[in-house]
Amino acid sequence: MVAPEPRYRDLTVSAPAKINLVLKILDRRGDGYHNLWSLMHAIDLEDELQFRVNGRVEGGQEGFNLEIPSGGLPSDHRNLVSRAVALLGKEAIPVAGMTVTLRKRIPVGAGLGGGSSDAAATLIGLNHLLGTRRSTADLMAMGADLGSDVPFFFLAPSAVVRGRGDVVQRVELTGKRWFVLVYPGFPIQTSSAYARLAATRPSSGMVPDALDERLARGALGWEEVLAFLENDFETVLLRDYPDLGRIKFALLDAGAEQALVSGSGSTVFGVFADPGAAQQARERLVNQGPSWHVFAVGSGSGVRLSEGVATGE
Ligand code: C5P
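**Topic: the overall build of the chain**
Argument step 1. On a plain count of helices and strands, the chain comes out with nine helices and 14 strands.
Argument step 2. Computed over its C-alpha atoms, the radius of gyration of the chain comes to 20 Å, within 12% of the 20 Å expected for a compact globule of 313 residues.
Argument step 3. Taking the principal axes of the C-alpha coordinates as reference, the chain spans close to 60 × 45 × 35 Å.
Argument step 4. Looking at the chain as a whole, 54% of its 313 residues are labelled buried.

**Description of the environment of Arg29**
Argument step 1. Structurally, Arg29 is set in the loop between β1 (10-28) and β2 (34-53).
Argument step 2. Judged by its relative accessible area of 24%, Arg29 is partly exposed.
Argument step 3. Counting along the chain gives 153 residues from Arg29 to Val182, while the straight-line C-alpha distance between them is 32 Å.
Argument step 4. Apart from the residues within four sequence positions on either side, Arg29 is in contact with His34, Asn35, Gly163 and Arg164.
Argument step 5. At a separation of 3.0 Å, a polar atom in the side chain of Arg29 contacts the side chain of Asn35.

**Description of the site of the ligand**
Argument step 1. Surrounding the ligand, one finds Gly32, Tyr33, His34, Leu36, Gly147, Ser148, Arg164, Thr190 and Tyr194.
Argument step 2. Within the side chain of Ser148, one N or O atom sits 2.7 Å away from an oxygen atom of the ligand.
Argument step 3. Within the backbone of Arg164, an N or O atom sits 3.1 Å from a nitrogen atom of the ligand.
Argument step 4. Taken together, the elements giving at least two residues each to the shell around the ligand come down to β2 and α4 (190-200).

**Side note on the side chain of Thr267**
Argument step 1. Relative to the assigned elements, Thr267 resides in the loop between β11 (258-261) and β12 (268-272).
Argument step 2. Of the residues examined, Thr267 reaches a relative accessible area of 1% and is grouped as buried.
Argument step 3. If near-sequence neighbours (up to four positions away) are discounted, Thr267 is found in contact with Ala110, Leu112, Leu181, Val182, Tyr183, Pro184, Leu260, Val261 and Ser262.

**Concerning the nonpolar core**
Argument step 1. Counting residues in hydrophobic clusters, the biggest one holds 71 residues, and the most contacted among them are Phe51, Leu237 and Leu251.
Argument step 2. Per element, the largest residue contribution to this core is seven residues, and it comes from helix α2 (residues 114-129).
Argument step 3. Once residues lying within four places of it in the same chain are set aside, the contact partners of Leu251 are Val180, Val182, Ala256, Ala259, Val268, Phe269, Gly270, Phe272 and Leu285.
Argument step 4. In this structure, Leu173, Leu181, Leu260 and Phe295 belong to the second largest nonpolar core, which totals 30 residues.

**Digging into the pattern of salt bridges**
Argument step 1. Going through the model one piece at a time under the given rule, you end up with 21 salt bridges.
Argument step 2. A salt bridge links Glu230 to Lys24, with the nearest nitrogen and oxygen atoms 3.0 Å apart. One end of the pair, Glu230, is in strand β10 (residues 230-231); the other, Lys24, is in strand β1, with 206 residues separating them in the sequence.
Argument step 3. Exposure remark for Glu230: the relative accessible area of 33% places this residue in the partly exposed category.

**A look at the pairing of strand β8 (residues 178-183)**
Argument step 1. Most of β8 sits inside the fold, with six of its six residues counted as buried.
Argument step 2. Residues of β8 alternate between two faces, with Trp178, Val180 and Val182 on one and Phe179, Leu181 and Tyr183 on the opposite face, all of them buried.
Argument step 3. Summarising the sheet, β8 and β12 pair through five bridges and their orientation is antiparallel. By the bridge assignment for β12, Phe179 is matched with Val271.

**What about the packing of aromatic side chains?**
Argument step 1. Summed over the entire model, instances satisfying the criterion amount to four aromatic pairs.
Argument step 2. A ring pair is formed by Tyr194 and Phe233, whose centres lie 5.0 Å apart and whose planes are at 90°; its orientation type is edge-to-face. Pair noted here: Tyr194 is in helix α4 and Phe233 is in the loop between β10 and α7 (234-240), with a separation of 39 residues, a long-range link.

**Considering helix α9 (residues 275-285)**
Argument step 1. Within the span of α9, buried status applies to Ala278, Ala281 and Leu285. Along the axis of α9, the buried residues cluster in a sector spanning 65°; they form a single face. Residues of α9 that are exposed and angled more than 90 degrees away from the buried face: Gln280 and Glu283.

**A look at the sheet that holds strand β13 (residues 293-297)**
Argument step 1. Here we have four strands laid out as an open sheet, ordered β11-β12-β8-β13, and antiparallel in their pairing. Only two strands of the sheet have a single neighbouring strand rather than two, namely β11 and β13. The sheet shows a mean angle of 20° between the axes of neighbouring strands, taken without regard to direction.
Argument step 2. Taken strand by strand, helix α8 (residues 242-253) contacts β8, β11 and β12, and its axis lies near 10° from that of β12.

About the cut-offs
Residues numbered from 1 in each chain as written. Predicted model: local features only at pLDDT ≥ 70, side-chain atom pairs only at ≥ 80, totals over all residues. Heavy atoms only, no water. Helix = DSSP H or I, 4+ residues; strand = E, 2+ residues; numbered from the N terminus. Rg over C-alpha atoms; globule rule 2.2 N^0.38 Å. Buried < 20%, exposed > 50% of the residue type's maximum accessible area, 1.4 Å probe, protein only. Contact = heavy atoms within 4.5 Å. Polar contact = N/O pair within 3.5 Å; in protein donor to acceptor, adjacent residues only side chain to side chain. Near = heavy atom within 4 Å. Core = buried A, V, L, I, M, F, W, Y, C linked by side-chain atoms within 4.5 Å. Salt bridge = Lys/Arg side-chain N within 4 Å of Asp/Glu carboxyl O. Pairing = 2+ DSSP bridges. Phe/Tyr/Trp six-rings, centres within 6.5 Å; stacked < 30°, edge-to-face > 60°. Arc of directions from axis to C-beta. Axes fitted to C-alpha atoms, helices over the stretch in contact; angles between N-to-C directions.

Take a look at the structure:
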């Protein structure tokens, strides 16, 4: 097969983090996963992926190289970026002679979807770079195989996610809010959070019907969302990790309208009505816990691409 020429030699892709404004864990499915109902929102804390085509592109995956300057993450087949490349490569899309540099800013194991966003950014970036013209629906289906949070990032910044994470409906959130995120300095494994929840909860969670009905009528305002902020993992995580409760209290004490654990932890976020208040809260919290990593951010956009030198120039 003749490999299509890449359209550009260089492409930079921004991969935003997410927070879960609502996360309801419903029933356990036949495939071992859980159905969920989540309102997810992208935030302006981003990893950056740079794709560089180094030479003539042949078929297969030899010559693909993942670099992570900060370290702290495997750069082999366990990395979701490598797995996303392999998924496209399996279908004879040429990726030989390509280096991907992953600059991590999103904490890992933090409930912020960093790895999933990197995977979505890889699928979107490679599809563009190589000119393979796969549909968003196709790429989302590939992404769903890599992780339950991956499909969301195709329809960010705000969406309701159902099923295993694979049924995504874009939502318009009217108004603006800012966020202070506190990563406590340790990760929590998603599977362990599910196990803790199963051990403490006799029955499955419920769809938030009132919010579901409002959504069916169109856009949602931040005031309405704040009234529904909830995470089914929170009770058991606050019980097992007292630092998360301390962070939640510190965020509320620093003026947050609401504070909540994101995803399956370990980050706790606070919601603020203006950016100045969020900055002040960040400054207050930054020295309160020796291992806390504190970020003040606005809402994010979806995955963004910026092109380098076009091939042949
Ligand atoms: O898909 P992801 O890699 O994020 O899932 C990690 C783990 O979280 C799964 O192995 C499963 O135990 C649990 N999970 C689940 N139901 C979901 C998503 C994740 O049970 N919808």
